[in-house]
Amino acid sequence: MWLNWFIRSVLLCTTAIVVAGCASQVAQHDVRVFDEAALVRQCQPANGTTPTRCDFAPALIGDARHYRVEMIIKPASTPWVYAESRRLMHSSAIANEQQNLSFLVNTRQPDGQPLQQDTYQGSPGLTLWLPGELHEIEQIAITATTPDKRLFILGDSTVCDQNPQWEKPAIARYSGWGQVLPAYLSQQVSVVNYADSGEGTQAFNIEDGELFAPIAEQLREKDIVLIQLGHNDKTTSAAVYEQRLSDLLLFIKARGALPILVSPMIRNQGINLAQQHQWPQLDVRRSLQKISQLQDIPLIDLMALSDAWVTELGQTAAQQFFVPKDRTHSNEAGAHLFASMLVEDITRRQLPLAEYVISR
């Protein structure tokens with residue numbers, strides 16, 4: 001348990017139970033514990049619609065890609081916790097109410113989308129966003145770590161970690177399904193989201209893809225990789241689209257990782273499934289089905305799942321799950337909707353991620 005480790009560490013470093021003395025020599029698997037007094041120094045109080053923000057610099061918690069966060073909270077005081085660029089780490093609407101929370105956070109710079117010029121830059125180290133007042137948090141323990149299970153996500157603006165947008169109501173905040181997915185998974189999984197607005201298969205191609213390079217540098221055996229690409233391949237031919245994805249899948253499998261294809265969710269334009277994501281030279285869903293069969297790779301048909309949903313609900317009612325006046329991009333409710341469709345299909349079919357989905 002981290003608490004036992006912390007007690008032992010105090011014996012070695014008596015200058016600071018909370019943060020100070022030993023921080024400059026933080027090593028991997030060292031635990032840094034912040035009590036309420038220390039959090040006052042690390043956190044900015046909530047301001048209007050912006051929740052409490054706590055920044056933990058690498059000098060305090062170590063310089064790492066992944067951190068284990070463990071929180072002791074007062075009962076029923078923390079309905080949610082976000083990290084980095086409004087990435088949902090915990091929601092009491094998904095997991096049961098708990099006094100002790102534990103989750104893994106992947107960090108990088110910028111905190112938000114990796115390529116966009118207007119992306120949320122954030123700050124080095126770890127950022128947590130908390131509801132309510134700091135006195136509702138008894139303590140937060142942070143450990144730089146190497147997770148046993150990592151989930152990489154490759155995709156576009158409908159998947160990515162969108163900017164925080166705290167100034168907007170939840171119905172108007174652009175939100176990717178990958179942005180809320182961590183809250184649906186157990187504390188053993190660290191979600192590494194490289195989805196980026198406006199990007200398609202070109203950015204992830206194995207020859208010179210700008211987003212492929214950082215993934216290739218990190219990918220290892222038994223990692224799981226969710227791939228949703230097609231929204232932004234309007235000018236890509238079917239042959240090129242299929243070749244890029246096939247090469248990417250072969251690379252992932254050669255590393256011993258486990259890829260899962262995801263078809264893009266529908267655009268809420270009142271058109272039927274057969275017409276969704278069809279360009280003159282590319283039928284995205286048909287190409288994905290072909291690749292899935294040829295390479296024996298699971299395909300989560302989010303296009304079909306979301307089409308069945310909007311057909312039953314109706315286009316007008318479905319629009320409440322999209323950003324106002326936008327037929328493509330989900331808001332927070334929509335991101336949860338599409339993430340739920342994903343995890344339900346994963347669980348039903350017992351795909352590689354199934355054992356890590358939180359039971360509800």
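Note that the structure is predicted; figures quoted are calculated from it, not measured.

Topic: the state of the cysteines
- For the structure shown, the criterion picks out one disulfide.
- Paired through a disulfide, Cys43 and Cys54 show a sulfur-sulfur distance of 2.0 Å. What sets the handedness of the Cys43 and Cys54 disulfide is the S-S torsion sign, and at about 105° it is right-handed. Taken together, the positions of Cys43 in strand E2 (residues 43-44) and Cys54 in strand E3 (residues 52-56) put the pair eleven residues apart, joining distant regions of the chain.

Comments concerning the pairing of strand E12 (residues 224-227)
- Of the two faces of E12, the one lined by Ile224 and Leu226 and the one lined by Val225 and Ile227 are each fully buried.
- Sheet analysis places strand E10 (residues 149-154) next to E12, joined by four bridges and oriented parallel. Considered in E12, the bridge of Leu154 is made with Ile227.
- Of the pairings in the sheet, the one linking E12 to strand E13 (residues 258-262) comprises four bridges and is parallel in character.

Quick word on the confidence of the model for the chain
- Taken as a whole, the chain shows an average pLDDT of 91; of its residues, 92% reach a score of 70 or greater.
- With pLDDT under 50 throughout, residues 1-18 is counted as low confidence; its partners more than four residues away or in other chains account for 23 contacts.
- In the model, residues 20-25 has pLDDT below 50 throughout and makes eleven contacts with residues more than four positions away in sequence or in other chains.

Quick notes on the pattern of salt bridges
- Throughout the structure, instances matching the rule amount to eleven salt bridges.
- Note that Glu332 is salt-bridged to Arg86, the shortest N-O span being 3.0 Å. Placement of Glu332 in helix H10 (residues 332-349) and of Arg86 in the loop between strand E5 (80-83) and strand E6 (87-91) is noted, with a sequence separation of 246 residues between them.
- For Arg86, a relative accessible area of 2% translates into the label buried.

Thoughts on the sheet that holds strand E16 (residues 299-300)
- In space, the five strands of this open sheet follow the order E11-E10-E12-E13-E16, with parallel pairing throughout. At either end of the open sheet lies a strand with only one pairing partner, and these are strand E11 (189-193) and E16.
- Running over the sheet, helix H7 (residues 284-295) touches E13 and E16 and is turned about 155° from E13.

Let's talk about the packing of helix H8 (residues 302-313) against H10
- Where H8 meets H10, the closest approach of the two axes is 10 Å, and the angle between their N-to-C directions is 120°. Of the possible angle classes, the one that applies to H8 and H10 is oblique. Taken as a pair, H8 and H10 cross one another with a handedness that is right-handed. Every residue of H10 that contacts H8 at Leu302, Leu305, Ser306 and Trp309 is listed here: Leu337, Phe338, Met341 and Asp345.

Observations regarding the sheet that holds E6
- Read from one edge to the other, the open sheet built from five strands follows the order E2-E3-E8-E5-E6, with strand pairing classed as antiparallel. At either end of the open sheet lies a strand with only one pairing partner, and these are E2 and E6.

Calculation rules
- Residues numbered from 1 in each chain as written.
- Predicted model: local features only at pLDDT ≥ 70, side-chain atom pairs only at ≥ 80, totals over all residues.
- Heavy atoms only, no water.
- Disulfide = S-S within 2.5 Å.
- Helix = DSSP H or I, 4+ residues; strand = E, 2+ residues; numbered from the N terminus.
- Buried < 20%, exposed > 50% of the residue type's maximum accessible area, 1.4 Å probe, protein only.
- Pairing = 2+ DSSP bridges.
- pLDDT = per-residue confidence, 0-100.
- Contact = heavy atoms within 4.5 Å.
- Salt bridge = Lys/Arg side-chain N within 4 Å of Asp/Glu carboxyl O.
- Axes fitted to C-alpha atoms, helices over the stretch in contact; angles between N-to-C directions.
- Parallel < 35°, antiparallel > 145°, perpendicular 65-115°, else oblique.
- Left-handed = near helix turned anticlockwise from the far one by under 90°.

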